[in-house]
Amino acid sequence: LVRWRSRELGFLAPGQFIPRFESNGFITQLDFYMLSRVMEFQKRRHATGVPVVTISVNQSRLHMQEKNYLTYMQRLKTYYKARDIELELTETAFDLNTPELRQHALHVMRALHEMGFRLSIDDFGSGYSDLTLLNAIPLDVMKIDRSLLLASQGAKRMQAVLARMIDLGHALGMTVICEGIETREQEDMLRSCGCDQGQGYLYGKPMPEEEFELFLLQHI
């Protein structure tokens, strides 16, 4: 997730500016900027021979309605390795006004996957989850929303739900990640449920690129 270090406003978390960028359309330019920066970062690591890990980059639902989105992504793929990038969308990217727009969005996702990009669905399990998307899109990663993790603590029924959701992801050939891990107890519970990976403050907090390179050097 992008953070904004503003000279006038200081350090801003995504919730403080992303909604405004989504409403005025600037979010698409921000997405392309972040994606190109991450791809440059990955290319540089390949060139220097250091280990490369897949990096997830958010993509706004607005891209699903852009005419030239796939053309731009194909151009990027020409210069960089698509397999080093995971494109992350939420279910709301497919909550569109007409069946035609929804079908176009599904076409876009399939085309991105054919280019070699990994695809993930974010915040899965929060609110209403459209399970038909799991069949319609060639997803590589299921990211389980933090709310399910919190609801599962000390609640056996919710732990059973969480475990079955993880089983579903595995049955469909996806890597399953849970978001928002902050304690070892949460990690232990997820391990017992068979979760593959986790993200959260237990492992690291948002950091600038130069600090991230040091973080990779220490942990890979």
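A brief structural summary. These numbers were taken from a predicted model, which means no experiment stands behind them.

The next thing to look at is helix α3 (residues 69-79). Within α3, burial applies to Tyr-69, Leu-70, Met-73 and Leu-76. Along the long axis of α3, the arc covered by the buried residues comes to 120°, so they all point the same way. Across α3 from its buried face, at more than 90 degrees, point the exposed residues Thr-78 and Tyr-79. Buried residues along α3 sit against α2 (27-48), β4 (85-90) and α4 (99-115).

Further remarks concern the sheet that holds strand β3 (residues 55-58). Through backbone hydrogen bonds, the strands of a sheet pair up, either in parallel or in antiparallel fashion. Strand order in the open sheet formed by six strands is β3-β4-β5-β6-β7-β8, and the pairing between neighbours is parallel. Both edges of this open sheet fall to β3 and β8 (197-198), since each of them pairs with a single strand only. The pairing of strand β6 (residues 141-144) with strand β7 (residues 175-178) spans four bridges and is classified as parallel. The residue of β7 that forms the bridge with Val-141 is Thr-175. Contacts between α2 and the sheet are confined to β3 and β4, with β3 contributing the most and set at about 170° to the helix.

Right, let's get into the environment of Ala-160. Take Ala-160: it is sitting in helix α7 (residues 156-171). Sequence-wise, Ala-160 and Glu-66 are 94 residues apart; in three dimensions their C-alpha atoms are separated by 40 Å.

A few words now on the side chain of Gln-59. Following the sequence through the fold, Gln-59 ends up in the loop between β3 and α3. In this structure Gln-59 comes out as buried when scored by relative accessible area, which is 5%. Excluding anything up to four places from it in sequence, Gln-59 contacts Asp-31, Tyr-69, Met-73, Leu-87, Glu-88 and Leu-89.

Moving on: the packing of aromatic side chains. How two aromatic rings sit relative to each other is set out by the distance from centre to centre and by the angle between their planes. Throughout the structure, instances matching the rule amount to seven aromatic pairs. Three or more aromatic residues joined by ring pairs make a cluster, and in this case those are Trp-4, Phe-17, Phe-21 and Phe-26.

Two elements in contact, α2 and helix α9 (residues 209-219), have axes whose closest approach is 13 Å; the angle formed by their N-to-C orientations is 40°. Classified by the interaxial angle, the pair formed by α2 and α9 is oblique. Here α2 runs over α9; the crossing is right-handed. Across the interface between the two elements, Arg-37, Phe-41, Arg-44 and Arg-45 of α2 pack against Glu-209, Phe-212, Glu-213 and Leu-216 of α9.

On to the pattern of salt bridges, then. For the structure on display, the rule yields ten salt bridges. We note a salt bridge from Glu-187 to Arg-184, for which the minimum N-O separation is 3.0 Å. Of this pair, Glu-187 and Arg-184 both sit in helix α8 (residues 184-192), three residues apart, which is roughly one turn of that helix. Glu-187 gets classed as buried once you look at its relative accessible area, which sits at 10%. For Arg-184, a relative accessible area of 47% gives the class partly exposed. Here Glu-187 and Arg-191 are joined by a salt bridge, their closest N and O atoms 3.9 Å apart. Taken together, the positions of Glu-187 and Arg-191, both in helix α8 and four residues apart, correspond to about one turn of that helix. Exposure remark for Arg-191: the relative accessible area of 59% places this residue in the exposed category.

Mapped onto the secondary structure, Ser-36 falls in helix α2. Among the residues examined, Ser-36 registers a relative accessible area of 22% and is labelled partly exposed. With 21 residues separating them along the chain, Ser-36 and Gly-15 place their C-alpha atoms 22 Å apart.

What counts, and at which threshold
- Residues numbered from 1 in each chain as written.
- Predicted model: local features only at pLDDT ≥ 70, side-chain atom pairs only at ≥ 80, totals over all residues.
- Heavy atoms only, no water.
- Buried < 20%, exposed > 50% of the residue type's maximum accessible area, 1.4 Å probe, protein only.
- Helix = DSSP H or I, 4+ residues; strand = E, 2+ residues; numbered from the N terminus.
- Arc of directions from axis to C-beta.
- Contact = heavy atoms within 4.5 Å.
- Pairing = 2+ DSSP bridges.
- Axes fitted to C-alpha atoms, helices over the stretch in contact; angles between N-to-C directions.
- Phe/Tyr/Trp six-rings, centres within 6.5 Å; stacked < 30°, edge-to-face > 60°.
- Parallel < 35°, antiparallel > 145°, perpendicular 65-115°, else oblique.
- Left-handed = near helix turned anticlockwise from the far one by under 90°.
- Salt bridge = Lys/Arg side-chain N within 4 Å of Asp/Glu carboxyl O.

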